[in-house]
Amino acid sequence: MNVELPFAPVDTIIRRNAGDLRVSADASRELATRIQEHGSELAIDAAEEATADGRKTLMAEDFGVETVVDKDDLELPVAPVDRIARLEIDDRYRVSMDARVALADILEDYADNVARAAATLAHHADRRTITDDDIETYFSLFE
């Protein structure tokens, strides 16, 4: 699977949750992959919501978001999130800008939760670096 999301913003999200821990490149890559998979699944559900409402355009409310944050307040870039949203949905769907920003916000919260847990796991293992194993362990334990 080709990962649409750049690793740098994902690395930044992990680092803001890592405290004094280092972050391996593999951890950023693993989390970016997981973010993409989750975003694609959310877009499939949102497309079903839009279809049920007789629309071809995904809106923020299709992602369960009532208030959309300012895209400048997000670490994740909106353009790759748009590509993630379109990975598994039919080409007939459009994704509104509010929906893109809402999805980016959801995915950033998701990444923060995983990164916090990965930092805890790295501390528990008495390591100074968050690795892809910490990300994978999170998912094996909590999902």
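Residues numbered from 1 in each chain as written. Predicted model: local features only at pLDDT ≥ 70, side-chain atom pairs only at ≥ 80, totals over all residues. Heavy atoms only, no water.

## Some thoughts on the packing of aromatic side chains
On inspection of all chains with the given rule, the structure shows three aromatic pairs. Relative to Phe139, the ring of Tyr110 lies with its centre 6.2 Å away and its plane at 45°, an arrangement referred to as tilted. Here Phe139 lies in helix α5 (residues 132-142) and Tyr110 lies in helix α4 (residues 97-124), a separation of 29 residues in the sequence. Owing to a relative accessible area of 11%, Tyr110 belongs among the buried residues under this scheme. Seen from their ring centres, Tyr138 and Phe142 are 5.1 Å apart, and the 40° between their planes marks the pair as tilted. With Tyr138 and Phe142 both in helix α5 and four residues apart, this pair spans about one turn of that helix. (Phe/Tyr/Trp six-rings, centres within 6.5 Å; stacked < 30°, edge-to-face > 60°. Helix = DSSP H or I, 4+ residues; strand = E, 2+ residues; numbered from the N terminus. Buried < 20%, exposed > 50% of the residue type's maximum accessible area, 1.4 Å probe, protein only.)

## Some points on the UniProt feature "domain: Transcription factor CBF/NF-Y/archaeal histone" (unreviewed entry) in the chain
Cross-referencing UniProt, the feature "domain: Transcription factor CBF/NF-Y/archaeal histone" (unreviewed entry) maps to residues 4-62 and 75-136 in the present numbering. End-to-end, the C-alpha atoms of residues 4-62 are 22 Å apart, and along that stretch the chain is 68% helix and 7% strand. Secondary structure across residues 75-136 divides into 68% helix and 6% strand, with the first and last C-alpha atoms of the span separated by 22 Å. (UniProt positions renumbered as here; feature names shortened; annotations may be inferred.)

## Observations concerning the packing of helix α2 (residues 25-52) against α4
Interhelical geometry of α2 versus α4 gives an angle of 135° and a closest axis separation of 10 Å. Classified by the angle their axes make, α2 and α4 are oblique. Seen along the crossing, α2 lies across α4 with a hand that is right-handed. Facing Leu31, Arg34, Ile35, His38, Gly39 and Leu42 of α2, the residues of α4 in contact are Leu103, Ile106, Leu107, Tyr110, Ala111 and Val114. (Axes fitted to C-alpha atoms, helices over the stretch in contact; angles between N-to-C directions. Parallel < 35°, antiparallel > 145°, perpendicular 65-115°, else oblique. Left-handed = near helix turned anticlockwise from the far one by under 90°. Contact = heavy atoms within 4.5 Å.)

## Things to note about unusual backbone geometry
At Asp126, a residue that is not glycine, the phi angle is positive and equals roughly 60°. Relative to the helices and strands, Asp126 resides in the loop between α4 and β4 (129-130). Relative accessible area serves as the criterion here: at 70%, Asp126 is assigned to the exposed category.

## Comments concerning the pattern of salt bridges
Enumeration over the complete set of coordinates arrives at twelve salt bridges. For the salt bridge of Arg15 with Asp11, the shortest nitrogen-to-oxygen distance reads 2.5 Å. Here the residue Arg15 and the residue Asp11 both occupy positions in helix α1 (residues 7-18), the gap between them amounting to four residues, near one helical turn. For Arg15, a relative accessible area of 42% translates into the label partly exposed. The salt bridge involving Arg29 is made with Asp26; its shortest N-O contact spans 2.6 Å. Here Arg29 and its partner Asp26 are both found in helix α2, three residues apart, which amounts to about one turn of the helix. With a relative accessible area of 38%, Arg29 lands in the partly exposed category. (Salt bridge = Lys/Arg side-chain N within 4 Å of Asp/Glu carboxyl O.)

## Comments concerning α2
Structurally, the α-helix is built with 3.6 residues per turn, so residues lying three or four positions apart point the same way. Taking 1.5 Å per residue as the helical rise, α2 with its 28 residues ought to reach 40 Å, and the 41 Å between its terminal C-alpha atoms agrees with that figure. Two residues or fewer past α2, Gly54 is found with a positive phi of approximately 75°. (Expected span 1.5 Å × (residues − 1).)

## What about the side chain of Ser40?
The residue Ser40 is located in helix α2 in this model. Residue class for Ser40 comes out buried when judged on its relative accessible area of 7%. In this structure, Ser40 is in contact with Ile84, Leu87 and Glu88, ignoring residues within four places of it in sequence.

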